[in-house]
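So you can see what is in the structure, the chains are spelled out below.
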Amino acid sequence: MSGAGARVADLLVTNVGTLVSPAAIGPQTGTTFGALVVHPDVEFACIDGEIAHIGACGSWRHGAMRELDAQGHAVVPGLVDPHTHVVWAGDRLDDFEAKLRGDDYETILARGGGIRHTMRCTSAASEDDLVSLALPRLAAMRRGGATTVECKSGYGLGPDDELRQLRAIARLGASQSLALWPTLLFHVPPTDARAREEYVRHACEVLVPLVARERLAVGIDVFVEREAFGVDEARTLALAARAHGLHDLHLHVDQFHAIGGVELGVELGALSVDHLEASGPAQVQALAASDMVGVVLPGVTWHLGLPAAPVRAFVDAGAIVAIGTDCNPGSSPLFGMATAMALATRLYRLSPAEALVACTANAAAALRLPLAGRVESGLPSDFCILRSRDWRDLPYTLGDDVIAQVVTARETMAS
Ligand code: NIG
Ligand code: FE
């Protein structure tokens, strides 16, 4: 359980009651889905943003620039949030009240509210505004245990507005220590048929090449739904993205209707298909037979009152399942991954160990980050210290208060 380290550590974390990590590298399925390694009573040393040594208390002999006393509490990997829309302006409080009076999400969207309202507000905001609005949201995500966060654009009325969101995400990535993974999201098209065709054409010929050239995103996402993009439009956008080197494909699918999004993901070799609330047996089988990660979003089920995605069926069929917050103003005003994990255990009947893997190693697989989401020698030193010696208090507690301290790999490096 120890790696060699021949120099003074940047950080030594002492007095760890239990150090808990997914047992194996890569996405976990089937019987290994909930497999954890649990090291009792250890300390670990961090060098150059990696864990250089895990051993019994007092076993690190090379000194440390800084020490952090975990006070006998549990340490888990930094959580990975694989699906957020953290850059937005305006609010959806009127929609919220309308929803409580009985209007549903799709009806609000169809009459020009919902996502379209947020697109208008976000497109009117400056890049500086978007950065200022998103910073406290990222701070809340961090308090909820996230050290790696995927961030989508998607609230632009036009291409320039999408670019502004992606530039804001780039600035956010440089100005705080969470690792951000930007995605260009095609969210909802213009309502007019001609404008819609022109939007897709311009996206393929101008926006995608520009985003790829300026490295503003590592992949794309398309909302495949009756009120959003159809399967053929999504395929056109995904193929254009791939032609320009944006290979990582995520798809919002089966949120309200299973219109072929999972099947498109299989056809195109998507990295993840997200939502899945309306998935049926055919989609369960298709996901299980693929390498795609199924990202489920418990905040959406709680906030919109949608049926829960059939997660137990996915797991039992052998699919890769990850959990995200889907942090956004309309369908999931949820910031903390710890809370998402806690909700997921109840909604989907996941064991605490399965939920932890779904929020760490499997969520990292949804972002093609095979080294993230584990605390082991040689891996990035992103971790959370809990307020409890028993790590199961993390999925047990409703809320993020169970997390005492979040440390990112960047912060463990000597300054
Ligand atoms: O993942 N449903 C599509 N997109 C987001 C919601 C965005 C919004 O309502 O502002 C989602 O649920
Ligand atoms: Fe989403």
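As the structure is a prediction and not an experimental result, all values here were calculated from the model.

### Here's the deal with the pattern of salt bridges
Under the counting rule described, the total for this entry stands at 21 salt bridges. Ionic pairing is found between R196 and E233, a salt bridge with its closest N-O pair at 2.7 Å. Of the two residues, R196 is situated in helix α6 (residues 193-213) and E233 in helix α7 (residues 231-243); the sequence distance between them amounts to 37 residues. Residue classification places R196 among the partly exposed positions, given a relative accessible area of 23%. The partner of D316 in a salt bridge is R312, with the nearest N and O atoms 3.5 Å apart.

### Here we look at the sheet that holds strand β8 (residues 179-186)
Taken together, the eight strands give an open sheet; going across it, the order is β6-β7-β8-β9-β10-β11-β12-β13, and neighbouring strands pair in parallel fashion. Edge positions in the sheet fall to β6 (79-81) and β13 (320-323), since each of these pairs with one other strand and no more. Between one strand and the next, the sheet's axes are offset by a mean angle of 25°, whatever the strand orientation. Against the sheet, helix α5 (residues 159-175) touches β7 (146-152) and β8, its axis set at about 175° to β8.

### Considerations on the side chain of R312
Looking at where R312 falls in the secondary structure, it is placed in helix α11 (residues 311-317). In terms of polar contacts, R312 uses its side chain to reach the side chain of E354, at 2.8 Å.

### Focus on the nonpolar core
Membership of the largest hydrophobic core comes to 117 residues, with the highest contact counts inside it found for F186 and I220. Among the elements that take part in this core, α6 stands out by supplying eight residues, more than any other. Once residues lying within four places of it in the same chain are set aside, the contact partners of F186 are Y199, A203, L207, V208, I220, D221, V222, F223, F229 and L237. Core analysis: the second largest hydrophobic core is formed by 16 residues, V42, F44, C46 and I385 among them.

### Details of unusual backbone geometry
A positive phi is found at D41, a non-glycine position, where the angle reads about 50°. Counting through the fold element by element, D41 comes out in strand β2 (residues 36-47). You will see that R368, though not glycine, has its phi angle at about 55°, which is positive. Summarising the element assignment, R368 is placed in the loop between α14 (361-365) and β14 (383-386). Residue class for R368 comes out partly exposed when judged on its relative accessible area of 49%.

### Topic: the state of the cysteines
Counted under the stated rule, the structure contains zero disulfides. Of all cysteine sulfurs, the one in C327 lies closest to C121, which takes part in no disulfide; the gap is 16 Å. Residue class for C121 comes out partly exposed when judged on its relative accessible area of 22%. The closest cysteine sulfur to the non-disulfide-bonded C359 is located on C384, 11 Å from its own sulfur. For C359, a relative accessible area of 0% corresponds to the buried category.

### Some words on the packing of aromatic side chains
Two numbers describe a pair of aromatic rings. These are the distance of the centres and the angle of the planes. Scanning all chains against the criterion turns up three aromatic pairs. Measuring from centroid to centroid gives 5.0 Å for F44 and F383, while their planes differ by 85°, and the two rings are edge-to-face. One end of the pair, F44, is in strand β2; the other, F383, is in strand β14, with 339 residues separating them in the sequence. Accessibility expressed as a relative area gives 0% for F44, which makes it buried.

### Considerations on the pairing of strand β9 (residues 219-223)
Within β9, five of the five residues are buried, which leaves the element mostly enclosed by the surrounding structure. Side chains G219, D221 and F223 project from β9 onto one buried face, and the interleaved I220 and V222 project onto a second face that is buried too. Judged from the four bridges that link them, β8 and β9 form a sheet pairing that is parallel. Bridged to L185 within β9 is D221. This β-α-β element, β8 to α6 to β9, shows right-handed connectivity. Strand direction decides the pairing type here: β9 and strand β10 (residues 248-253), joined by five bridges, are parallel. From the neighbouring strand, I220 faces β10, where its bridge partner is L249. After leaving β9, the chain enters α7 and then returns to the sheet as β10, a path that is right-handed.

About the criteria used
- Residues numbered from 1 in each chain as written.
- Chains lettered and ligands numbered in written order.
- Predicted model: local features only at pLDDT ≥ 70, side-chain atom pairs only at ≥ 80, totals over all residues.
- Heavy atoms only, no water.
- Salt bridge = Lys/Arg side-chain N within 4 Å of Asp/Glu carboxyl O.
- Helix = DSSP H or I, 4+ residues; strand = E, 2+ residues; numbered from the N terminus.
- Buried < 20%, exposed > 50% of the residue type's maximum accessible area, 1.4 Å probe, protein only.
- Pairing = 2+ DSSP bridges.
- Axes fitted to C-alpha atoms, helices over the stretch in contact; angles between N-to-C directions.
- Contact = heavy atoms within 4.5 Å.
- Polar contact = N/O pair within 3.5 Å; in protein donor to acceptor, adjacent residues only side chain to side chain.
- Core = buried A, V, L, I, M, F, W, Y, C linked by side-chain atoms within 4.5 Å.
- Disulfide = S-S within 2.5 Å.
- Phe/Tyr/Trp six-rings, centres within 6.5 Å; stacked < 30°, edge-to-face > 60°.
- Right-handed = clockwise from strand over helix to strand, strands pointing away.

These figures capture arrangement, not role.
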